[in-house]
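# Structure assessment
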Amino acid sequence: MSEAANFQARRAALAATDGLAMNVSGSVEYASRGKVVIIGGQAAVNLARQLPRDTEMTLLTTAPNETQGLSCEVIDIARRSMKINGYLGNFQITLADHKAGTSPQFSADVVVDLTDPPLLSMEMKPPGYLAYPASDGELIEQVQELRGTFAKPRYFHYDPDICAHGRAGITACNRCVEACPAQAITALVETVEVNPFLCQGGGICASVCPTGAIRYAYPPPADTQTRVRTLLATYLGAGGSEPVVVFGSAVDLSGCICPDHAFSVEVEELGSVGPELILAALAMGARSVLLVDGPSVPAGVRIRLEAQLDVVGQVLGGMGYPKTAVRLSARTELLEQLQPVMPPIKPATFAGLNEKRRSLYMAVDHLFSEAPAAAPITDLPAGAPFGRIQVDAEACTLCMSCTSVCPAKALESGNDSPRLVFHETNCVQCGLCASACPEKAITLHARIVNDPGLRHPTVTLHEEPPFCCVSCGKPFASRSMIQNMLERLEGHWMFQDERAKRRLSMCEDCRVIDVVQDNAAMGGGLPANRDQ
């Protein structure tokens, strides 16, 4: 295909996306009166001298002897530990004086931290916290600008109902908590909490979330997918060839001039580009996908992106596609890598979706249907959010503890009979089922079923004949569960006589009736000291 044809097709594709709206899910507002706390040694003193005299500030310094003539409050922080919490307009600084046994607190709208290293170590600092290298002039300008009311997008949407963080007091998935470069996510008992004032839109939380409980919202995934689909469909429909999609932030894409067959798709943060978006782009006709790794990408985000791309590469390789079709590339290498790698396929036409796993499986289904040599199942690295579970039939008692904690409805009971059924499409390999199993009968196996015909059928993992109540004959449990209970309660003081033992083999209703009719069970035959 000629360069002229690609040029014309590119113009048509760019024009087609000009009118696409970007939906956002609200905003977060900050209010700052401009009260400043400056922390540090001589550099902090020097900065305090240069700020306008009407600036309301407190100087926390290790050089109090150098502060003559300053009109602000000066506090000596030598040999005192310090803790900073908060964000623009709402900082709290706590000083611990262990010798005096006091911990005074100071509030601030803006914090200028000139200590080395900075007191806050997260890769994305809170708004209003100035700690990066800058000249005094730049710091003064920024302090003065951070006065007033400010708004930023609300970058995320969180659905606690499908969160795999924990159930029944068991903690399983901490991926978003560990990945967040702003430390804006806090683990609770069964869910997590995202502080919208600390969130800087890093996006990696949404990429690593196995269920889609945290979803990026600036813009929503469906909007980005729609933009990519429109670009590719228009370009290919207008006669363009060998398209390449390049994702990157505005900072990292600045100055990059792509050839006519390559399309740069600007995202707020590169960490928000997850496997579902990458595979969707390939299914929609992209011959390669590049993620631009520039100075705006935090080191921790880069590590997790590489892990995500490794899983994507395994998925592609399992279907016979080249793993190098997806790459994380430095800007200096960008132009060298804007080459088509995927074989040409019929582009997918599915709509952009906000449902993470459904979007990913739709992309996998299309790629599988077009694959040159696809394996029906691909093993994945441990920790990948797809796979099956295996149950030790000899150990499992069908107590159904696993079904009660599964956040994705991958495990369900058989309802009318003691049976454990499994839906592999839903399994996120969080491990809650394995942790909850009292018999330790469950193991995880990370893999992805590429063939939709094998993925969707329900699988019975374990099944037993029902155990029927010895009184009314109603089935109410599995035989192994009752046998296990009888063995565990052997010798227990409450089940010494035959009637009490027989009660363990009754359904709940019959058990209550029998207890009420049994004088010994109602208290008449209890030993004086139960510990004896």
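Conventions adopted
- Residues numbered from 1 in each chain as written.
- Predicted model: local features only at pLDDT ≥ 70, side-chain atom pairs only at ≥ 80, totals over all residues.
- Heavy atoms only, no water.
- Salt bridge = Lys/Arg side-chain N within 4 Å of Asp/Glu carboxyl O.
- Helix = DSSP H or I, 4+ residues; strand = E, 2+ residues; numbered from the N terminus.
- Buried < 20%, exposed > 50% of the residue type's maximum accessible area, 1.4 Å probe, protein only.
- Polar contact = N/O pair within 3.5 Å; in protein donor to acceptor, adjacent residues only side chain to side chain.
- Patch = residues over 30% accessible without salt bridge, like charges linked within 9 Å, V, L, I, M, F, W, Y side chains within 5 Å.
- Areas by Shrake-Rupley, 256 points an atom, 1.4 Å probe, with all protein chains shown as cover.

Moving on to the pattern of salt bridges. Tallied over the full model, the rule gives 13 salt bridges. Put simply, E56 and R33 hold a salt bridge, and the shortest N to O gap is 3.9 Å. With E56 in the loop between α2 (42-50) and β3 (57-61) and R33 in the loop between β1 (27-32) and β2 (36-40), this pair connects stretches of sequence that are 23 residues apart. A relative accessible area of 56% places R33 in the exposed class. A salt bridge links D509 to K474; its shortest N-O distance comes to 3.8 Å. Placement of the pair is D509 in helix α16 (residues 508-517) and K474 in the loop between β27 (466-468) and β28 (475-478), with a sequence separation of 35 residues. Overall, the relative accessible area of 38% leaves K474 in the partly exposed class. Here the salt bridges do not stand alone but share partners, grouping R499, R503, D514 and D518 into one network.

Moving on, we get to the side chain of D113. Tracing the sequence through the fold places D113 in strand β8 (residues 110-113). A polar contact is formed between the side chain of D113 and the side chain of Y129, at a distance of 2.3 Å.

This part is about a nonpolar patch on the surface. Side chains of V512, V516 and M522 sit close together on the surface and give an oily, nonpolar patch of about 300 Å² of accessible area. As for its position among the elements, V512 is in helix α16.

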